[in-house]
Amino acid sequence: MKTAFFEIEDWEKDYIKEKLKGHELKFYQGELTADNAKELKSFDVISVFIYSKLNKRILDQLGKLKLITTRSTGFDHIDLEECKKKNIVVCNVPFYGENTVAEHTFALILALSRKIPQSYGRTIRGDFSLDGLRGFDLKGKTLGVIGSGHIGVHVIRMAKGFEMDVLAYDIKKNRKMAEKLGFKYTTLDDLMKNSDIITLHAPLNKHTYHMINKENIKKIKRGAFIINTARGGIIETDAIVKALYEGHLGGAGIDVLEEEDLIKEEAQLLSKKFLKRRLEISLKNRILLKLDNVIITPHNAFNSSEALKRILDTTVGNIKGFIKKKITNRVG
Ligand code: NAD
């Protein structure tokens, strides 16, 4: 099998070479274009990220192509209709970072509950005083989880390890999991009223856009904390700023901001193409950054070595599965 990888970093090249020993491999730092497609007439497999647009014009040039395996969850950069006509199988990476994002969620929770940034800021100045550094226990507190999917369930499992009570709100209830892990489904209102910490793990769509807004934020228990590692647009920024200023919320841990909702894939953030400037500007504009009880990370929850390797492992698995005629993660 002749396989070409696009949008590849050096470390990925080495990792893939190790995993696909004996394969004829070609690597491109940039994306697949109508120009370099000419070099790939005899290739059977290509692997791309989202900046390679696999349209008819490019696919027409790849006469022998049998498999496209995208190193992304989304596949809207691939013309599936055309692939179907040409008998090209398309595979993706459906998930790669549930535990990774859940761990970052707890990093934010613990940083807030134990005032880690403030403590660290003090000790590096040689100040070991404890004034103002008193935190609170997680044990016995109620965590409200909005979205009990792949990431949400990992968060719940971790919360149980801290002996927290867990309330969940989801449009689809996983009753078996609720019984197994010992958490309770409830309404959004009830979750807001009764949680000490609320954490978001639902997708951003027209139903979840501003799910927490100026109207309903007042329903949240006074002094509660809010954590967002899902998407910025789920919380109305003005609402959270006001609630923090007025002291209604005890604090917030935020990995995702409203302005960056154009990002479709986390790995986009690692790409040179992503407008880092945009994120910087939005961060600078944020009053949130100045608040002592708010921790903001730069959409970094996905960014562990293991998660990125899992993307490559799934991709390599998709290629090996195709060769063995046991296709995995097929989307087209
Ligand atoms: P998932 O699809 O497994 O779970 C999402 C859950 O949300 C599902 O159970 C679904 O039923 C529920 N849901 C959908 N609409 C809802 C609504 N209106 N109200 C309540 N619940 C609703 O997804 P996942 O893998 O757990 O990921 C969750 C989100 O995390 C993703 O959509 C993504 O935006 C975000 N994410 C962020 C990072 C990061 O680096 N910060 C990384 C990966 C994913």
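First, a word on scope: everything that follows refers to the structure included in this document. What you are looking at is a predicted structure, and each value in this text was computed from that prediction instead of being measured.

1. Digging into the side chain of Ser47
Right, so step 1: One can find Ser47 in strand E3 (residues 45–48).
Right, so step 2: There is a polar contact of 3.0 Å between the side chain of Ser47 and the backbone oxygen of Thr69.
Right, so step 3: Side-chain polar atoms of Ser47 contact the side chain of Arg71, separated by 3.0 Å.
Right, so step 4: Setting aside residues no more than four positions away along its own chain, Ser47 makes contact with Ala4, Phe5, Phe6, Thr69, Arg71 and Thr315.

2. Topic: the sheet that holds strand E5 (residues 89–91)
Right, so step 1: The five strands are arranged E2-E1-E3-E4-E5 in an open sheet whose pairing can be described as parallel. Looking at strand neighbours, the two that pair on one side only are strand E2 (24–27) and E5, the edges of this open sheet. Averaged over all pairs of adjacent strands, the angle between their axes in this sheet comes to 15°, without regard to strand direction.
Right, so step 2: Strand direction decides the pairing type here: strand E1 (residues 2–5) and E3, joined by three bridges, are parallel.

3. A word on the site of the ligand
Right, so step 1: Neighbouring the ligand are 23 residues; His150, Ile151, Asp170, Thr229 and Asp255 lie closest to it.
Right, so step 2: Take Ile151: an N or O atom from its main chain is 2.8 Å from an oxygen atom of the ligand.
Right, so step 3: Here a nitrogen atom of the ligand sits 2.9 Å away from a polar atom, N or O, in the main chain of Thr229.
Right, so step 4: Contact with the protein chains hides 81% of the accessible area of the ligand, taken as 870 Å² for the molecule alone.

4. Focus on the pattern of salt bridges
Right, so step 1: Scanning the entire structure with this criterion turns up 18 salt bridges.
Right, so step 2: For Glu39, the salt bridge is made with Lys26, and the minimal N-O distance between the two is 3.6 Å. Remark: Lys26 occurs in strand E2 and Glu39 occurs in the loop between E2 and E3; sequence separation between them is 13 residues.
Right, so step 3: We note a salt bridge from Arg231 to Glu266, for which the minimum N-O separation is 2.7 Å. A residue pair is termed long-range when its members are at least 10 positions apart, and Arg231 in the loop between strand E10 (224–228) and helix H9 (237–245) and Glu266 in the loop between strand E11 (249–254) and helix H10 (276–285) qualify at 35 residues.
Right, so step 4: Looking at Glu266, the relative accessible area reads 15%, which means it is buried.
Right, so step 5: Look at the salt bridges and you will find they share partners, linking Lys56, Asp60, Glu82, Lys85 and Lys86 into a network.

5. A word on the pairing of strand E6 (residues 142–146)
Right, so step 1: The element E6 is largely enclosed, with a buried count of five among its five residues.
Right, so step 2: Inspection of the sheet shows E6 paired to strand E7 (residues 165–169) by five bridges, in the parallel sense. Of the residues in E7, the one forming a bridge with Leu143 is Val166.
Right, so step 3: Read from E6 through helix H6 (residues 150–161) to E7, the crossover connection turns out right-handed.
Right, so step 4: Pairing of E6 with strand E9 (residues 197–200), which is carried by four bridges, proceeds in the parallel orientation. The residue of E9 that forms the bridge with Leu143 is Ile197.

Scoring rules and cut-offs
Residues numbered from 1 in each chain as written. Predicted model: local features only at pLDDT ≥ 70, side-chain atom pairs only at ≥ 80, totals over all residues. Heavy atoms only, no water. Helix = DSSP H or I, 4+ residues; strand = E, 2+ residues; numbered from the N terminus. Polar contact = N/O pair within 3.5 Å; in protein donor to acceptor, adjacent residues only side chain to side chain. Contact = heavy atoms within 4.5 Å. Pairing = 2+ DSSP bridges. Axes fitted to C-alpha atoms, helices over the stretch in contact; angles between N-to-C directions. Near = heavy atom within 4 Å. Areas by Shrake-Rupley, 256 points an atom, 1.4 Å probe, with all protein chains shown as cover. Salt bridge = Lys/Arg side-chain N within 4 Å of Asp/Glu carboxyl O. Buried < 20%, exposed > 50% of the residue type's maximum accessible area, 1.4 Å probe, protein only. Right-handed = clockwise from strand over helix to strand, strands pointing away.

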